[in-house]
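Chain by chain, the residues run as shown.
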Amino acid sequence: MPSRPSPARRFTARTAALVLTGALAGAVLPPAAQAAPLVAHPTAYVDPMIGTANGGNTYPGAVRPYGMIAWSPTSTTGDQTSTGAANGYEYGVTRMRGLSLTHVNGAGCNPGAAGDVPIMPFVGDVTSSPSADSKDAVYASGFSHDNERAVPGRYTVGLDSGATADLAVSERAGVADFSFPADKPANLLFRVSNSLNGSEDAEIEIDTAHRKVTGSVLTGAFCGRRANGGTNNRKSYYRLYFSASFDRDFASTGTWRDNTLAPGATSGRGGEGYATGADRAGRGSGGWVGFDTSADDDVRMRIGISYVSQAGAEANLRKEIAPRRSVDDVARAGAAAWDRELASVRIGGGSDAQRTSFYTALYHSLMQPNLISDTDGRYPGMDGKPHRVTRGQKAQYSNFSGWDQYRAQIQLLALLKPRIAGDFAQSLYNFARQNGGVWDRWVHVNGATHVMTGDPTAATLATFYAMGVRNFDYEGAFESLARQATVPHPDGLSDAGCPGQCTGQRPNLAQYLESHYAAQDVCHCWGGAAETLEDAVADAALGRWARLLGRDEEAAAFEERGTWWRNVFNPEAGDGSGTTGYIQARNLDGSWVTPFSPGSDRGFAQGTSATYTWMVPQDVQGLAEAMGGRDIAAKRLDAFFHKADGSWSVKGGDALRYDPTNEPGIHAPWLYNALGQPWKTQETVREIVGTVYGTGPRGLPGNDDLGTMSAWYVFSALGIYPQTPGSATMLLGAPLFPSAVLDRSQGGDITISAPQADATHPYIDAVAVDGRASDRSWTDARLVTRGGALTYRLADRPNTSWATGPAGLPR
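Residues numbered from 1 in each chain as written. Predicted model: local features only at pLDDT ≥ 70, side-chain atom pairs only at ≥ 80, totals over all residues. Heavy atoms only, no water.

Some remarks on the overall build of the protein
A count of helical and extended segments in the protein gives 18 helices and 35 strands. Whereas a compact globule of 811 residues would reach a radius of gyration of roughly 28 Å, the protein reaches 27 Å, a difference of no more than 12%. Taking the principal axes of its C-alpha atoms as reference, the protein extends roughly 80 × 65 × 55 Å. Looking at the protein as a whole, 65% of its 811 residues are labelled buried. Considering only residue pairs separated by 6 or more positions, the protein has 71% of its internal contacts joining residues 24 or more positions apart. With the model as given, the accessible surface of the protein reaches about 26,400 Å², and the carbon-plus-sulfur share is 48%. For the protein, the centre of its 72 positive side-chain charges and the centre of its 82 negative side-chain charges are spaced 5 Å apart. (Helix = DSSP H or I, 4+ residues; strand = E, 2+ residues; numbered from the N terminus. Rg over C-alpha atoms; globule rule 2.2 N^0.38 Å. Buried < 20%, exposed > 50% of the residue type's maximum accessible area, 1.4 Å probe, protein only. Contact = heavy atoms within 4.5 Å. Areas by Shrake-Rupley, 256 points an atom, 1.4 Å probe, with all protein chains shown as cover. Lys, Arg positive; Asp, Glu negative; His and termini not counted. Charge placed at Lys NZ, Arg CZ, Asp CG, Glu CD.)

Written out as C-alpha cells, the structure reads:
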C-alpha cells in the first residue's frame, strides 16, 4: 500500500493545481513544480569554521548531533591557563596544546566550559613536565589552516611538528589516527587535569599489557574565572571518565605531576585548581605513551567517555565503535547522521554562500542539547549521585544556556525535533527534582551554574508544550515551575555569585510579589529592571501554559504578572532629544534609579535600557500604548535600527541601537509586525541576514550561545519567527529561499514556497496559508502543531497595505 502523504505534501500538489486554474486569483504564486530542487545532502554545505572568529566561540571539531563527545582543538596563546577563546579554539590562534574530548558551542564566558582531557600528539622526547611548560613553548605545536579540514563528524589537522591527527566520533566515543615522522620520537600526551577552567582532581592509569590508557578529571567551574560573580562558580560538579585503547604496544610510558616528571611510571594524579595565570601555572598532572614508528608511522586509538564511571566509558566505546572500525568508517556514519538531522529542513534555490550559511546555522542549532547519559541510561544527577533515565525517556540531556536559548533555539528544537525537546524537558525536570525543586537557569552537565538572570526554564517548557511537545511529565513540571515562581526560597536573599551568577533563581521573590517589580537596591540579582522584564516574560509564558492545561485560575494570575513590566517603564525617562518612555530600574521605595541614560546598563544584564525597552514580546500592543501609540513606537523602532542620517545601524557597537551580538534585543526586528508596519520587519531582517551573517570564520555576529544566534538566522531565512515564549504563533517575514520543506516526525510537515525569492525581492506582496489568502503577518498555532503550507508572492518594493489592519495585528 502506498504511504499516505503528509497534509503539507498533499497541499503542495493541490496549491499548484489551484494556481494554474486561477482559483487563488493571484494571491499566491507560480506552481510548486517550478521550484528549485531541494538540497539532497545538507552536509555538503556545512562549514564548521563559521563562527570560530569574531567572538562566535564555535568549535570546528568532530561531533554528532546532540553528542556527548566533541573532539576539537585546545588552542594556546602562550598561557596554559588561557586559550584565547571561550571554547578552546580561535581561528586567529594557530598553535594548539591538545585535542580535547568535550566542548560547548558558542558559550560566552572565557574560558568557557569543558575542554576536558586534551590529547596532544608530540614529536620529541618528553624530558620535562608538560605542566611546567606554562607558556606552552615546548609541548604545543603550530599549524596552518591549509593543513586543517573540518566537516560534520570529522576533524583533521597537520601540525608543524610533522604529526597529524584524523578524528571521527560516534555519540559517546571516537577513533583517531595519529601519524608521526618515522625518524623522530612519537608520543601522545594525556593532559588529564588541563580542562579549560582547570580542575580539582585528575588521574591517569596506563595499562601496558592491554594497550590501554584510562583516567578521569573532576572539574566544572563554568564562568569560574569571571569577575562578575566568578568565585561563586569555582567549584567542581562533574567527573569525566575516559578509556582509550590502541592498536599497538607502547614503546615507553611516563607520568607527571606539577613540575615533577616520572619516566616509566604508569599512574599519576593531581588537579590544577580553578585560578588562572601565575596562580595556576605549573600545576596539574598527566601521562604519556610512546610508540616505535620506524616501520609504521600511524597509531590508531579508540576512546570512550562517560560522566558516570570508568566502566561506563568502556561500555560506551564497546557499544558504539567496534575494534576494527576505521576513522573513515566512523566518519561516514557521522556524515550520514548529520545528513539525516539536517534534512529536517530541505531548502531549494539560493546561492552557494546562502546555503552554506543556512545549513551551518542549522548544524550549530542542532548540536545541543548534549547527551550526558550512557548507553545503559545512567547519568550523573544534580545531587551528585548516579541516576537512570525515567520510564519513556530515551536519554538524559544537558547544557542549557537558558537566558540565551529560550528566545530562538528552543523554538527551533521544538519545531523540528519535538522528541528530543521532550526528553530535554524531562531532563531539566529530573535535575530540578534532584536540586531541591530549583530549576537552574544555566545547566552545564549536572551542574547548577546560576549564570545570567530571569527564569528561562519556565519560558522554555511553556514553549515546548505550546508547540506540541508532550513526551515529558508536563503536569509535574508545570507545578514545580509554578511553585518556584510563587514560593520564596532562601537562596533568593543571597548575594552569592552576584551579579553574573546570582544563586537565587527567583531573587527576593517575596519583595517581587509585593512590589510587582524587582527593586534594584534589594533584588539580589544582576539588575532589577532586567529581572522584572525576564520574570514578566516567564510568567506570561506560564500563564499561557496554564491556560492550555485548563488551569484557568493559575493562568489568570500568571497572565496578570506578565504585565508587571509596566512597573519599570518610566514614561518620563528621556534621552535628551525629546524622546521619552524607557525601561528604568526602581528602588524599593518606588523611586527611579538615577542618573538615567538610555545607553547605560545600570539595572540591566548585558544590555542597555535602549535595548531592554523593546524586550516585551508578550505585550507589544501594551508597550506601544505606553509609548504613545503604534505609530510613535514604530518611529522609535526606526531610530533603533538607523542612524540619524537614515543609514543602517545593525552591526552593534552603539549602546543606543540594535545589537545583533546579544540576546535581549534579537526579537526587535520582528516587532514591526505588531506595530502594523510589517514591510519594515522584512527589510530590516533582510539587512541583518545579508550584512551581519555570512560565510567564513567571521560569519556569526557574536557568541553563538548554544545555537541561539544560528537559530535566529534559520528562522529568519525561512521567513518565520516565534512571536513570544509560551506560544506557537509564528510571525511572517520574507523567505530567503524560493522553497523549503520542514520534514517533521510529528505535527505534520510545513512547506514554504516563495518562487521570487532573491536579493531584489525582500518584500511580501501576498501570502496564502493552506491555500487561503491571508492578510495577517502571523500564523496561529495550527501551522506548528498540525503542519501546513505558506505560499508567498514577493516583490521588489514594500506593500504598505498588506497585514496592516489593526484588527489583524499580532497581540
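So, the packing of aromatic side chains
On inspection of all chains with the given rule, the structure shows 33 aromatic pairs. With a centroid separation of 5.3 Å and an interplanar angle of 80°, the aromatic rings of F246 and F250 are classed as edge-to-face. For the pair formed by F246 and F250, the shared burial category is buried. Geometrically, the ring pair formed by F641 and Y672 is tilted, given 6.2 Å between the ring centres and 40° between the ring planes. Of the two residues, F641 is situated in helix α15 (residues 630-641) and Y672 in the loop between α15 and α16 (678-691); the sequence distance between them amounts to 31 residues. By relative accessible area, which is 0% here, Y672 ends up buried. Ring pairing ties together the aromatic residues Y465, F472, Y474, F478 and W545, which thus form one cluster. The ring centre of Y429 lies 4.5 Å from the NZ or CZ of R433, which sits over that ring. (Phe/Tyr/Trp six-rings, centres within 6.5 Å; stacked < 30°, edge-to-face > 60°. Lys NZ or Arg CZ within 6 Å of the ring centre and 35° of its normal.)

Quick notes on the side chain of N370
With respect to the element layout, N370 can be found in strand β19 (residues 370-371). For N370, a relative accessible area of 8% corresponds to the buried category. Here G67 takes part through its backbone oxygen, which lies 3.1 Å from a polar atom of the side chain of N370. Residue contacts for N370: discarding those within four places in its chain leaves Y66, G67, Q396, Y397, S398 and N399. (Polar contact = N/O pair within 3.5 Å; in protein donor to acceptor, adjacent residues only side chain to side chain.)

Details of the sheet that holds strand β34 (residues 778-779)
The strand order across the open sheet built from three strands is β28-β29-β34, with neighbouring strands paired in antiparallel fashion. Lying at the two open borders of the sheet, with one neighbouring strand each, are β28 (720-722) and β34. Judged from the two bridges that link them, strand β29 (residues 730-732) and β34 form a sheet pairing that is antiparallel. When the bridges of β34 are listed, M730 appears paired with T779. Packed on one face of the sheet, helix α17 (residues 708-718) meets β28 and β29 and runs near 135° to β28. (Pairing = 2+ DSSP bridges. Axes fitted to C-alpha atoms, helices over the stretch in contact; angles between N-to-C directions.)

Some thoughts on the state of the cysteines
Per the counting criterion, the structure on display carries three disulfides. For C109, the disulfide goes to C223, at an S-S distance of 1.5 Å. Residues C109 and C223 are joined by a disulfide whose S-S torsion is about 50°; by sign, that bridge is right-handed. Pair noted here: C109 is in the loop between β3 (95-100) and β4 (119-123) and C223 is in the loop between β11 (212-220) and β12 (236-246), with a separation of 114 residues, a long-range link. C109 sits in the buried class, given a relative accessible area of 4%. When its relative accessible area of 1% is taken as the criterion, C223 is described as buried. (Disulfide = S-S within 2.5 Å.)

A few points about the pattern of salt bridges
The final tally for this structure, using the stated rule, is 33 salt bridges. Where R248 meets D247, a salt bridge forms, and the shortest distance between an N and an O atom there is 3.9 Å. In this structure R248 comes out as buried when scored by relative accessible area, which is 11%. For D247, a relative accessible area of 39% puts it in the partly exposed group. (Salt bridge = Lys/Arg side-chain N within 4 Å of Asp/Glu carboxyl O.)

Brief notes about the nonpolar core
Of all hydrophobic cores here, the largest spans 211 residues; its most connected members are W71, F178, F190, F246 and W545. Top element by residues in this core is helix α11 (residues 528-548). It accounts for 10 residues. With eight residues, the next largest nonpolar core counts A168, A173, I321 and V330 among its residues. (Core = buried A, V, L, I, M, F, W, Y, C linked by side-chain atoms within 4.5 Å.)

Some words on unusual backbone geometry
In terms of backbone geometry, most residues other than glycine have negative phi values and most peptide bonds are trans. Cis peptide bonds are those with omega within 30 degrees of zero, and the linkage from C498 to P499 qualifies with 10°. Checked against the element boundaries, P499 lands in the loop between α9 (474-486) and α10 (509-515). The omega torsion of the bond from T594 to P595 falls at -5°, within 30 degrees of zero and hence cis. The residue A221 is not glycine, and still its phi comes out positive at about 60°.

Overview of the environment of V330
Secondary-structure assignment places V330 in helix α3 (residues 327-342). Spatially, the C-alpha atoms of V330 and I632 are 58 Å apart, while their sequence positions differ by 302 residues. When near neighbours in sequence (up to four residues on either side) are disregarded, V330 contacts R64, A168, V169, S170, V175, I321 and R325.

Here's the deal with the sheet that holds strand β24 (residues 442-444)
Judged by pairing direction, the sheet is antiparallel, and its three strands sit side by side in the order β23-β24-β25 without closing on themselves. The open sheet has two edge strands with one neighbour each: β23 (400-401) and β25 (447-448). Of the pairings in the sheet, the one linking β23 to β24 comprises two bridges and is antiparallel in character. Of the residues in β24, the one forming a bridge with S401 is W442.

Here we look at the confidence of the model for the protein
Mean pLDDT over the protein stands at 94; residues scoring 70 or higher make up 95%. A low-confidence stretch, residues 1-33 stays under pLDDT 50, and its non-local contacts, those more than four residues away or across chains, total 48 contacts. (pLDDT = per-residue confidence, 0-100.)

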